[in-house]
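Fold and geometry: a report
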Amino acid sequence: MIVVTGGAGFIGSEFVRQWLATESSELVNIDKLTYSGNLENLASVSGNSRHHFVQADIVEQSVIEQLLHERQPRAIVHFAAESHVDRSIHAPADFIQTNICGTFRLLEAVRAWRGTASREFRFVHISTDEVFGSLPLKAAQISEAAAYAPGNPYAASKAAADHLVRAYIRTYDLPAVIVHCCNNYGPFQFPEKLIPLMIARGLAGESMPIYGDGLHERDWLHVSDAARAIGLVLARGRIGESYNIAAGHACSNLQMVCMLCDLLDELRPQSPYRPHRQLITHVAERPGHDRRYALNADKIAQELGWRPQISLREGLRQTVEWYLGNQAWLENVVSGRYRQWIADNYGWRNIRS
Ligand code: NAD
Ligand code: DAU
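In this report, the structure presented in the accompanying data block is examined. Worth saying up front: this structure is predicted, and the values here are computed from it rather than measured. (Residues numbered from 1 in each chain as written. Chains lettered and ligands numbered in written order. Predicted model: local features only at pLDDT ≥ 70, side-chain atom pairs only at ≥ 80, totals over all residues. Heavy atoms only, no water.)

**Comments concerning the site of ligand 2**
In the vicinity of ligand 2 there are 24 residues, among which Asp 129, Tyr 154, Leu 194, Arg 286 and His 289 approach most closely. A distance of 2.7 Å is found between an oxygen atom of ligand 2 and a side-chain nitrogen or oxygen belonging to Thr 128. Glu 130 is positioned with one of its side-chain polar atoms (N or O) 3.1 Å from an oxygen atom of ligand 2. Coverage of ligand 2 by the protein chains reaches 95% of its 690 Å² of free accessible surface. When contributions to the shell around ligand 2 are tallied by element, the ones reaching two or more residues are α3 (85–90), α6 (194–204) and β8 (208–211). Of the residues contributing to the shell around ligand 2, the split by class is 11 nonpolar, six polar and seven charged. (Near = heavy atom within 4 Å. Polar contact = N/O pair within 3.5 Å; in protein donor to acceptor, adjacent residues only side chain to side chain. Areas by Shrake-Rupley, 256 points an atom, 1.4 Å probe, with all protein chains shown as cover. Helix = DSSP H or I, 4+ residues; strand = E, 2+ residues; numbered from the N terminus. Nonpolar A, V, L, I, M, F, W, Y, C, P; charged D, E, K, R; others polar.)

Pasting the structure below:
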């Protein structure tokens, strides 16, 4: 039995789907179902008797503690977070509450319960390349030992959470491992993030807003490769260590959006909005916008044998096809109709199955 937090979100739900497909043990999925948590992301595993969904907030220590006592998990994989940089600029309070206080409460729940935990117990904390801050263009990729230099409220909240996990490893012997991941993309990503937002706007013939000059560089990893890496870290990562997870598929935002436009042109030959590149519009710069992230992922390659399997070209095509084939999902997410579905099906109480 393992516990996953945030398993109704983008990366968490991919991890849950992969886990249930490849492992034989049970999984308890704790998620608050914020705007980005969506049970539709878990529709393919809804009938799986090894998947137990619990609607709960990680800040509620007593609820989490009780759950750990009841379920006695052999691991926790902690995805739950407020995850979008723009929202953290607009309204940072939720980021402090969930990413910092929530991680703290989760760690305290584990500490209170651990007397009865098995010696095999592992805590895998999902962090981001953003904690290391912006790198100059062309500078070498950074290793896990790089100094922290977060540049926006989201990154700072994730850095604070990392520091708590590191402190619990040292002070309380928490058997934890941290992963720092680059930008993920793929199916089920909430359309506030660059790739699904541009696909959604391209489909609707709306302008595609590029912040500033668009020469900011991100490294793009398919979510299925990311989830596989996290599974390997859970299985064989060394306690107290951090692992970078990166694709080596870096490109500028402008290049990325041009690739998406070209795919939309090709896959929607009847679209009245072709060529989609005409929709690209430069808008104001994001405050505190980091110029470049670039992680070196040699450690996970050497120690755990992980390498990305999906090329950017193949992954982007598959992603655009997925959004084209799942426009109802996109509409529900944008319109908020899935929220009504959650309320109708489950109510707003805690759900246990
Ligand atoms: P997401 O926003 O899609 O999902 C977050 C999930 O956490 C949602 O299901 C949400 O309901 C849940 N959640 C939020 N607050 C909660 C709370 N207080 N209690 C319980 N559940 C709560 O995010 P994502 O993109 O899947 O990111 C998952 C994790 O990976 C985050 O920790 C994020 O910082 C990290 N990360 C993401 C990326 C990326 O590119 N998306 C890259 C590196 C690291
Ligand atoms: O790097 C890892 C991080 O990647 C994760 O930790 C975060 O959870 C995840 O949200 C993501 O953060 P970014 O800020 O990099 O993602 P986003 O998709 O918002 O933006 C990617 C780049 O595209 C960034 O340089 C800003 C730019 N952008 C984004 C949007 C939404 C635009 O130019 N226009 C846009 O409309």
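Still to come is the rest of the account.
**Digging into the packing of helix α8 (residues 253–267) against helix α10 (residues 312–325)**
Packing of α8 against α10 leaves a shortest axis separation of 10 Å and a crossing angle of 55°. Judged by the angle between their axes, α8 and α10 are oblique. Considering only the axes of α8 and α10, their crossing is right-handed. Across from Met 256, Met 259, Leu 260, Leu 263, Leu 264, Glu 266 and Leu 267 in α8, the residues of α10 making contact are Leu 312, Leu 316, Arg 317, Val 320, Glu 321 and Leu 324. In terms of residue class, the contact of α8 with α10 is built from 10 nonpolar, no polar and three charged. (Axes fitted to C-alpha atoms, helices over the stretch in contact; angles between N-to-C directions. Parallel < 35°, antiparallel > 145°, perpendicular 65-115°, else oblique. Left-handed = near helix turned anticlockwise from the far one by under 90°. Contact = heavy atoms within 4.5 Å.)

**Let's talk about the packing of helix α2 (residues 61–71) against helix α4 (residues 93–113)**
Where α2 meets α4, the axes come as close as 9 Å, and the angle between the chain directions of the two elements is 40°. With respect to α4, the axis of α2 lies oblique. At the point where α2 passes α4, the crossing takes the right-handed sense. Residue-level inspection shows Gln 61, Ile 64, Glu 65, Leu 68 and His 69 of α2 in contact with α4, the latter providing Arg 105, Leu 106, Glu 108, Ala 109, Val 110, Ala 112 and Trp 113. Classifying every residue of the contact of α2 with α4 gives seven nonpolar, two polar and three charged.

**Section: the packing of aromatic side chains**
Summed over the entire model, instances satisfying the criterion amount to 12 aromatic pairs. Seen from their ring centres, Phe 15 and Phe 79 are 5.5 Å apart, and the 50° between their planes marks the pair as tilted. A residue pair is termed long-range when its members are at least 10 positions apart, and Phe 15 in helix α1 (residues 10–22) and Phe 79 in the loop between β4 (75–78) and α3 qualify at 64 residues. Owing to a relative accessible area of 10%, Phe 79 belongs among the buried residues under this scheme. (Phe/Tyr/Trp six-rings, centres within 6.5 Å; stacked < 30°, edge-to-face > 60°. Buried < 20%, exposed > 50% of the residue type's maximum accessible area, 1.4 Å probe, protein only.)

**Points about the site of ligand 1**
Neighbouring residues of ligand 1: 28 residues in total, closest Asp 31, Ser 36, Ser 83, Tyr 154 and Lys 158. In the model, a nitrogen atom of ligand 1 is placed 3.0 Å from a nitrogen or oxygen of the Lys 32 main chain. The side chain of Tyr 154 places a nitrogen or oxygen atom 2.7 Å from an oxygen atom of ligand 1. Burial of ligand 1 by the surrounding chains reaches 97%, relative to a free accessible area of 840 Å². Of all the secondary-structure elements, those providing two or more residues to the shell around ligand 1 are α1, β5 (122–128), α5 (153–172) and β7 (183–185). Residues that form the shell around ligand 1 fall into these classes: 13 nonpolar, 11 polar and four charged.

**Details of the sheet that holds β4**
Strand order across the open sheet formed by seven strands is β3-β2-β1-β4-β5-β6-β10, with parallel pairing between neighbours. Sheet topology places β3 (51–55) and β10 (242–245) at the edges, where each strand pairs with a single neighbour. For this sheet, the mean angle separating the axes of adjacent strands, direction not counted, is 20°. Two elements, β4 and β5, share four bridges in a ladder whose sense is parallel. Counted as the bridge partner of Val 77 is Val 124 from β5. Helix-sheet contacts for α5 involve β5, β6 (176–181) and β10, and the interaxial angle to β5 is about 155°. (Pairing = 2+ DSSP bridges.)

**Description of the pattern of salt bridges**
Applying the stated criterion across every chain, the model contains 15 salt bridges. The shortest N-O distance in the salt bridge between Glu 192 and Lys 193 comes to 3.3 Å. Its relative accessible area of 11% is what places Glu 192 among the buried residues. We classify Lys 193 as buried; its relative accessible area is 17%. Between Glu 303 and Arg 238 there is a salt bridge whose closest N-O contact spans 2.5 Å. Of the two residues, Glu 303 is situated in helix α9 (residues 298–304) and Arg 238 in the loop between α7 (223–236) and β10; the sequence distance between them amounts to 65 residues. Its relative accessible area of 42% is what places Arg 238 among the partly exposed residues. A cluster of three or more residues bridged by salt bridges with shared partners is formed by Arg 238, Glu 241, Lys 299 and Glu 303. (Salt bridge = Lys/Arg side-chain N within 4 Å of Asp/Glu carboxyl O.)

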